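Structural overview
Chain by chain, the residues run as shown.
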There are 2 protein chains.
Amino acid sequence: MTESEVPAKRPPTLTDVAKLAGVSVATASKAINGRGEVRATTRVRVLEAAELLSFAPNALARGLLSGRTGTVGLLTSDLEGRFSIPILMGAEDAFGAGQVSVFLCDARGDAIREKHHVQALLSRRVDGLIVVGSRTDPRPPLAGNIAVPVVYVYAPSADPKDISITADNVGGGRLAIEHLISCGRRNIAHITGEAGFQAARDRVEGATAALTAAGLRMVGDRPYFGSWEESWGRAATHMIVEQHPEVDAIFCGSDQIGRGVLDALRDLGREVPGTISVIGFDNWEAISADSRPRLTSVDMNLKHLGAVAGKRLFEAIDGTVPRSEELPCRVVMRESTMPVG
Amino acid sequence: MTESEVPAKRPPTLTDVAKLAGVSVATASKAINGRGEVRATTRVRVLEAAELLSFAPNALARGLLSGRTGTVGLLTSDLEGRFSIPILMGAEDAFGAGQVSVFLCDARGDAIREKHHVQALLSRRVDGLIVVGSRTDPRPPLAGNIAVPVVYVYAPSADPKDISITADNVGGGRLAIEHLISCGRRNIAHITGEAGFQAARDRVEGATAALTAAGLRMVGDRPYFGSWEESWGRAATHMIVEQHPEVDAIFCGSDQIGRGVLDALRDLGREVPGTISVIGFDNWEAISADSRPRLTSVDMNLKHLGAVAGKRLFEAIDGTVPRSEELPCRVVMRESTMPVG
């Protein structure tokens, strides 16, 4: 291996060092930063490669190295903090406790306010930016020339060249249906929010695929689009049970819809989970964890999304170019889908 | 008026300028910063007073004056962002749209993480700090020597010399009972969270005072302390209705308890609001606004708390010493307490 393997036009990156030393980027990072377990011979090889390439760790890495702290800005438009606070926590944890501070700014969906916050964060010398969308639809990339790396989370950037870390909502819809089928259900309806939301459409796509794969059709032959609220869950349930009394499971596009469904089924004398199963989406514990019965729900793993975004941002600050990723959801099972023996 | 009216030992403040010009601090601020409507003669008088006193607006004020932006740190331990995001929005709005960015850091109730975030914020040259507690119990003041002004919101600092902006929870309990009495109720029970919370005890104090003032006693002769969850609301309701069938209203210490109460009353065949009224606390819209019936609730005006904290922080940055304040709650009336004619 020779120095000529390194592209000449840009400063060497951690990836170049790793390649030259014949180790993974993660191992090279650990060796240089003195974190984690690395064999002594490996560490020496990495440090020699770094010296050969005149590799200068960037500001954030130097900060971590010297015990000083880095700072990352998180820009959100999440008026309740319900999505962005777990993502913030995950991103901080990705760097190790007390290594990095994430500063959250709320743009409230307003482009001018967003621009103002970005300027404030950049003028305070943040090392990178995480942008959290308020819904999963693609959003425009940040305006202007941003001098630090940016990672988009929850909502992807509309520019495919940007780095976006999102939840696999199609997969989430599939998981929900597969779980209901596992519980012995065959006549499954789907009540969800506004069709204008990418999240609603993606979950319908996954649900439909899973039903088709099992040789089943959605009860009513269509999803019931409406709103994300409890009252829609109640109204749609009355309609479905009246028109399709054979229904034995309902997949809900949100936990709030799920609460409405549980309420209406109790009024209708349909026992959950005895004769009908209900699964929500979001795993919003304030809504799902203390209902009657407690609500099974699909979880988008927001904290993990934040952790991956933090790691990718760190790599980008470090000069490598991470790829966008779509991460799997999981089912958190509670009483509302428990098969009754 | 003479220059001798100004204390000699410290730089002149906006309050001094206002006093000398014979106007309010707010008017002096508007005149100097060129914001809001101020009569030309008043503006001249204020600017003359400022010149006479060699008044130098501080960094934040100068920033506002010149169109540059100030930055305030908000330190929270609110794992859901439910309290801190509205407070953040209120604080930003107090400065005028796009004037100030508030950077939120989440300490997660951990003193070491808190110290780390404070250092990160201070090293990024924030002009002041807002500290938001996760419950209303007094909290220890920030450790170390903080070089910028600090305002505590929601939870007061345990040090009475600090500036704390809190919601009047005693008053909130009083308002809830007075509202139920206005709706014609006489036999009022109170179901609330853990007695270890200051918020629970304060609301009991206010509720008891309002009942006593009306010549009434709490049903069961005591509050029902338990947890803040729905399941406690359900369990306590069954117990109260069985032991005290005359109960015609329930004041709940949280909206989640309120949801459990509504559920249990429906099971028991007690019609809300026909034969019994229910009021919650928090006005958490995801919980209260789409229940059946929709839940009347006491609102702590978190956004307003944030706005007042922002204003007081601005004054403190400006060199004046604001006082702590306890701000009133309000009742947001919905169907669950509507008198039925």
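See the structure above.
First, a word on scope: everything that follows refers to the structure included in this document. (Residues numbered from 1 in each chain as written. Chains lettered and ligands numbered in written order. Predicted model: local features only at pLDDT ≥ 70, side-chain atom pairs only at ≥ 80, totals over all residues. Heavy atoms only, no water.)

**A few points about the environment of Pro322(A)**
Residue and element names in this part refer to chain A. The condition is simple: Per the convention used, a helix needs a DSSP run of H or I reaching at least four residues, while a strand needs a run of E reaching at least two, with both numbered from the N terminus. Whether two residues are in contact is decided by their heavy atoms: any pair within 4.5 Å suffices.
Structurally, proline 322 can be placed in the loop between α12 (302-317) and β11 (325-327). When the C-alpha atoms of proline 322 and glycine 70 are compared, they prove to be 20 Å apart, with 252 residues separating the residues in sequence. Proline 322 has contacts with Ile163, Arg312, Glu315 and Ala316, leaving out every residue within four places of it along the chain.

**Notes on helix α6 (residues 111-123) of chain A**
Filter applied, for reference: Multiplying one less than the number of residues by 1.5 Å gives the expected span of a helix. Think of it in three bands: with a 1.4 Å probe and only protein chains considered, a residue is buried below 20% of the maximum accessible area for its type, exposed above 50%, and partly exposed in between.
With 13 residues, α6(A) extends 18 Å between its outermost C-alpha atoms, agreeing within 8% with the 18 Å of an ideal straight helix rising 1.5 Å per residue. Taken as a whole, α6(A) has its buried residues at Arg113(A), Glu114(A), His116(A), His117(A), Val118(A), Ala120(A) and Leu121(A). Residues of α6(A) that are buried in the fold lie against β1 (70-76), β2 (100-106) and β3 (128-132) of chain A together with α5 (84-94) and β2 (100-106) of chain B. Following α6(A) by one or two positions, Arg125(A) adopts a phi angle in the positive range, close to 55°.

**Overview of the packing of helix α7 (residues 169-182) of chain A against helix α8 (residues 198-213) of chain A**
Residue and element names in this part refer to chain A. Keep this limit in mind: Here an angle of 0 to 180 degrees is reported between the N-to-C directions of two axes, which are lines fitted to C-alpha atoms, with helices fitted over the stretch in contact. Roughly parallel means an angle under 35 degrees; roughly antiparallel means over 145; roughly perpendicular covers 65 to 115; every other angle is labelled oblique. Definitions for this section: a left-handed crossing has its near helix turned counterclockwise from the far helix by less than a right angle. A right-handed crossing has that turn clockwise.
Where α7 contacts α8, the axes come no closer than 6 Å and their chain directions differ by 40°. What the angle tells us is that α7 and α8 run oblique. Between α7 and α8 lies a crossing whose hand is right-handed. Across the interface between the two elements, Asn169, Val170, Gly173, Arg174, Ile177, Glu178 and Ile181 of α7 pack against Asp202, Arg203, Glu205, Gly206, Ala207, Ala210 and Leu211 of α8.

**So, the sheet that holds strand β7 (residues 224-225) of chain B**
Residue and element names in this part refer to chain B. Note the cut-off: A pair of strands is labelled paired if DSSP reports no fewer than 2 bridges between them.
Read across the sheet, six strands follow the order β7-β6-β8-β9-β10-β12 without closing on themselves; strand pairing throughout is mixed. The open sheet is flanked by β7 and β12 (330-332), the only strands paired with a single partner. As paired elements, strand β8 (residues 249-252) and strand β9 (residues 277-281) share three bridges and run parallel to each other. Within β9, the position partnered with isoleucine 250 by the bridge is valine 278. Packing of helix α7 (residues 169-182) onto the sheet brings it into contact with β6 (188-192), β8, β9, β10 (296-299) and β12, and relative to β9 it is tilted by some 165°.

**Details of the sheet that holds strand β6 (residues 188-192) of chain A**
Residue and element names in this part refer to chain A. Spatial strand order, β7-β6-β8-β9-β10-β12: six strands in an open sheet with mixed pairing. The outermost strands of the open sheet, each flanked by one partner alone, are β7 (224-225) and β12 (330-332). Docked against the sheet, α8 engages β6, β7, β8 (249-252) and β9 (277-281), running at close to 175° with respect to β6.

Read these as geometric descriptors, not functional statements.
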